[in-house]
Amino acid sequence: RNYKYGTVFNKLVPTIRNYKYGTAVFCAKKIEAISLSRRDTLQISSIAVVTTAIDGANAYANRLEEFEEMTESNPALVWRSSSELSCDTSKEKTRRIFNGVFVAYLARFLLNYDRGSRLYWRAAADEIPLGWDEVKVRRKRAEQFAAFANAVENGLCSYATKSLDQEETSSRQIGVRQLLSLLRSRYGLLPDAPRQLALLLSLIEPPYQPTDAIVSLSGRAQNASIIAIDLLEPGSFAAYNKPKIDLKLHTPPADTAYNRTRIPVIFNSAQVQATGRLLDIVVEDGGCGYDPKKPPSITIAPPASLILESAQNTARQAQAVAIIDEKTGAVAKIVLLDGGLGYSEADSAAIDIEPSSDASSCGSVPVARALKEWEIVAVDIIQGGAGYTSAQDLTIDALIPPNQVENTVHCLRSPKLIAKLQFDQSRLEALRSARWAPRDAASASLTALLGSEYGVPIWNGERHSFPARAFGAIRLQETSQLKRDVPLNLAQLAKLGLAGAVCTSATRAALNPLEVSKTRKQAFGSTTNESISVSRWTGVDATAASGAVLGGCSFALYEFLQRSIPKLAVILASDPAAAIQIEKVAPIIASAGAVIVAAALVSPFEAAKVKLMLEPDTVSSLPAALKAMALVNLSNTDTPHSTVILNYEWSRLWQSFIPLVLRELPFTTAKLLTYSSAQTALFTLLPAARERPIAALAVSCFAGALAGAAGAFLSSPADALVTELATGAYGGNWQKALAAILQGADSISAAIPRFFRGASERMLLFAIIITIQLLLFDFCRYLLHVQPDDLAISLDLFADRLSFYDYDASLFSGNGPTSSITF
């Protein structure tokens, strides 16, 4: 039976039933209670042994299923192909809409409110070994949080694209509002969720910040009433008589969490009183017959308080002069020289204009009225309303009703009135610590949301801002991605093998001249046999075949082993943390396994390649070289027909297997370590190179060339032994081939150069091969749809799923959240 992780059991007898994960239960034939022969006894014993083994396999499969459900199965989350979740908008553009702090706080929000995200965070904790100290645990949890935040950012890409497409229009907030609609529909009714969503949106910069939505969410959280009015500026109004001034709050109330009906505040008309000053004099009838050079005198009635001796020091009579129209002789305007002081609401401030000497031309007398200054002194509230919040604009607008009888009202300076709120602080349902996240957990600060004591976002008249200031922006780790490898099927393995075979075969065949030069220098030393004309393309068919087998096997098998080893470690250790404990050595183990298998398969072709390059006069093709390598001797039989019998020992084709393993293991190990170290060092030295595709490609190519050269240099001694052994002069004895290389060397210093003959050609060869392989292999994977994103699934946190509304109130318990914020 084929098990999920590659375990194979041969089909036995008599009957097998196949169960999930390959569990096999043998149904033995009925055995009658009769005298048994020795053969029957052995058969029954065999069946008993096999049945015991199958019981063990059954327990193994059950353990596998248990750990899969524990560490991988999470029906509350949706995983999709990474290629399906790709977005045309770059992360730099996405962060123009959703900055790093927004992404981090949204990740915290989901880890607190989303059931699937909570299950992920709990499963991630199970992967951490219990023996780790606090520093390692904190670092690992920070990496896990960064990976989750990256998944959040990837999910935001489509929403950012929608806003960026409408960047020059009034619909630029469309992506943000669609995201908000999704979050409200999923989590809007959970405790404290409206306030947390308002805080989240306040992290978006204008003009993409939806201020009205922030007000609505904050209003649902606070649900405050207006209890008083702060009179900061009384304003200035001009009117003949006491004016009527209505008041209205600048912004309406939001929907409350308990009553979807808005309850607006109701004010009485503002209480106003006269300031005691006259502001202006309005001429209603200018009369006629006045001489512009001798304007009439203007007398304004004094305030009644002026008569009282106690008020003489403060009250003052207003003074004015008239301006005459030169054409008509009428009073055109009366200018106040002094507005006076102490005029009350009851004072008429009557204006007496000296009559003209000749009023017969118009038959009228001049008439004028004084405009007094009024100000607001108090505001009465009839109904305080509900649904208000400190996050909204609490400015109160003064409105002058039209058509006030026998009165003209002008607003000269607007009053400044601010509403005062009252709300029950205990109604801010603070998010409780969940059972899976203890207060003293190392990750508590990573997942903490802002506590109720910080309230709602702050409105400064132009935008909303986050109330907490003691934090900086999170640095999202670009290399940390929340992905999960998918099990490889035969078709995907075949495509990976094909991609590896094509790139390795093509590059090595194209560089065959270097391979010929290196091989002949290793075999003949610095004085190669130049009397024999050797084409630089000699053995190219064997080189291509060797490259195809080596690349096809190693690339596909490495991918398979790299995915399987961590899972196998989890099963064998019965501990999800086992995967993390071997994560650093898993690639080395996978490389070693791939090398051993590849060496076994490529050994005949490597031997044939060397045979073709060293003896081009005796063999001319790959099949001929394979036969020559396997040929033992010629047996001549004295018969009438003189028959010649050819003896072939095909196992001779694998004589170089051990030297090949000794060559490929250091080569692969050095290549992996050098490539990783060189790439990391270059990107650390030139961090801007990550942001430029051409520069990043140049860094990868340089690291690849350096890795190829380093691997070739370290594996040169083993390659020299493979070449010497492939001559066929030593049978399968690699010790004799080694002795032949060292023959004549009287010291270690004299022997070492012999192992590095052709090392320069080999270093140049593999520097080019590895560099081209990187590019060509990626291209082949792209054509065959087996790129890393095609072989992995990513977390889609915003995909449709039924668990959005599954709220388990038991998850929220305790005395309140951790209020400290550390991004």
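The structure we're discussing is the one just above.
Everything numeric in this text was worked out from a predicted model, so none of it was measured.

(A) Inspection of the sheet that holds strand β16 (residues 409-413) at higher detail. Across the sheet, four strands lie side by side as β8-β13-β5-β16; this open sheet has antiparallel pairing. Among the strands making up the open sheet, the edge pair consists of β8 (271-285) and β16. For this sheet the average axis-to-axis angle between neighbouring strands, irrespective of direction, equals 25°. Here β8 pairs with strand β13 (residues 367-378) via 10 bridges, running antiparallel. Bridge pairing links Gln273 to Glu375 in β13.

(B) Representation of the sheet that holds strand β15 (residues 395-399). Strand order in the open sheet made by the four strands is β4-β17-β15-β6, with antiparallel pairing throughout. Lying at the two open borders of the sheet, with one neighbouring strand each, are β4 (225-233) and β6 (246-249). Averaged over all pairs of adjacent strands, the angle between strand axes in this sheet comes to 35°, irrespective of strand direction. Sheet analysis places β4 next to strand β17 (residues 416-422), joined by seven bridges and oriented antiparallel. Its bridge partner lying in β17, Leu231 is registered against Leu417.

(C) View of the nonpolar core. Grouped together as the largest cluster of nonpolar side chains are 50 residues, with contacts concentrated most on Phe98, Phe102, Tyr105, Leu106, Val152, Leu156 and Leu201. It is helix α3 (residues 100-113) that contributes the most residues to this core, 10 residues altogether. Apart from the residues within four sequence positions on either side, Leu201 is in contact with Val176, Leu180, Gln209, Pro210, Ala213, Ile214 and Leu217. Of all hydrophobic cores here, the second largest spans 21 residues; its members include Phe267, Val379, Ile396 and Ala419.

(D) Focus on the packing of aromatic side chains. Within this structure, the stated rule accounts for nine aromatic pairs. The interplanar angle of 85° and the centroid separation of 6.4 Å between the aromatic rings of Trp121 and Phe145 together place this pair among those described as edge-to-face. With Trp121 in helix α4 (residues 115-126) and Phe145 in helix α5 (residues 134-165), the pair connects residues that are 24 residues apart, well separated along the chain. Relative accessible area serves as the criterion here: at 2%, Phe145 is assigned to the buried category. One aromatic cluster is present, built from ring pairs that chain together Tyr120, Trp121, Phe145 and Phe148. Just above the ring of Trp121 sits the side chain of Arg141; from NZ or CZ to the centre is 3.9 Å. The ring centre of Tyr240 lies 4.0 Å from the NZ or CZ of Arg369, which sits over that ring.

(E) Structural context of the packing of helix α10 (residues 490-510) against helix α21 (residues 759-784). Running from N to C, α10 and α21 cross one another at 145°; their axes reach a closest spacing of 8 Å. By crossing handedness, the relation of α10 to α21 is classed as right-handed. On α21, the residues that touch Lys495, Leu496, Leu498, Ala499, Gly500, Val502, Cys503, Thr504, Ala506, Thr507 and Arg508 of α10 are Phe766, Ile769, Ile772, Gln773, Leu776, Phe777, Cys780, Arg781 and Leu784. Residue classes in the contact of α10 with α21 are distributed as 13 nonpolar, four polar and three charged.

(F) The arrangement of helix α6 (residues 174-187) in detail. Its 14 residues place the ends of α6 20 Å apart at the C-alpha level, agreeing with the 20 Å of an ideal helix rising 1.5 Å per residue. Among the residues making up α6, those that are buried are Gly175, Val176, Leu179, Leu180, Leu182, Leu183, Arg186 and Tyr187. Looking down the long axis of α6, one finds its buried residues gathered within 160° of arc, a one-sided arrangement. As for α6, its buried residues are in contact with α2 (91-97), α3, α5, α7 (193-201) and α8 (211-222).

(G) Spatial organisation of the state of the cysteines. All told, the structure shown has zero disulfides when counted by the stated rule. Considering cysteine sulfurs only, Cys780 is the nearest to Cys503, which forms no disulfide, with 6.0 Å between them.

The rules we used
Residues numbered from 1 in each chain as written. Predicted model: local features only at pLDDT ≥ 70, side-chain atom pairs only at ≥ 80, totals over all residues. Heavy atoms only, no water. Pairing = 2+ DSSP bridges. Helix = DSSP H or I, 4+ residues; strand = E, 2+ residues; numbered from the N terminus. Axes fitted to C-alpha atoms, helices over the stretch in contact; angles between N-to-C directions. Core = buried A, V, L, I, M, F, W, Y, C linked by side-chain atoms within 4.5 Å. Buried < 20%, exposed > 50% of the residue type's maximum accessible area, 1.4 Å probe, protein only. Contact = heavy atoms within 4.5 Å. Phe/Tyr/Trp six-rings, centres within 6.5 Å; stacked < 30°, edge-to-face > 60°. Lys NZ or Arg CZ within 6 Å of the ring centre and 35° of its normal. Left-handed = near helix turned anticlockwise from the far one by under 90°. Nonpolar A, V, L, I, M, F, W, Y, C, P; charged D, E, K, R; others polar. Expected span 1.5 Å × (residues − 1). Arc of directions from axis to C-beta. Disulfide = S-S within 2.5 Å.

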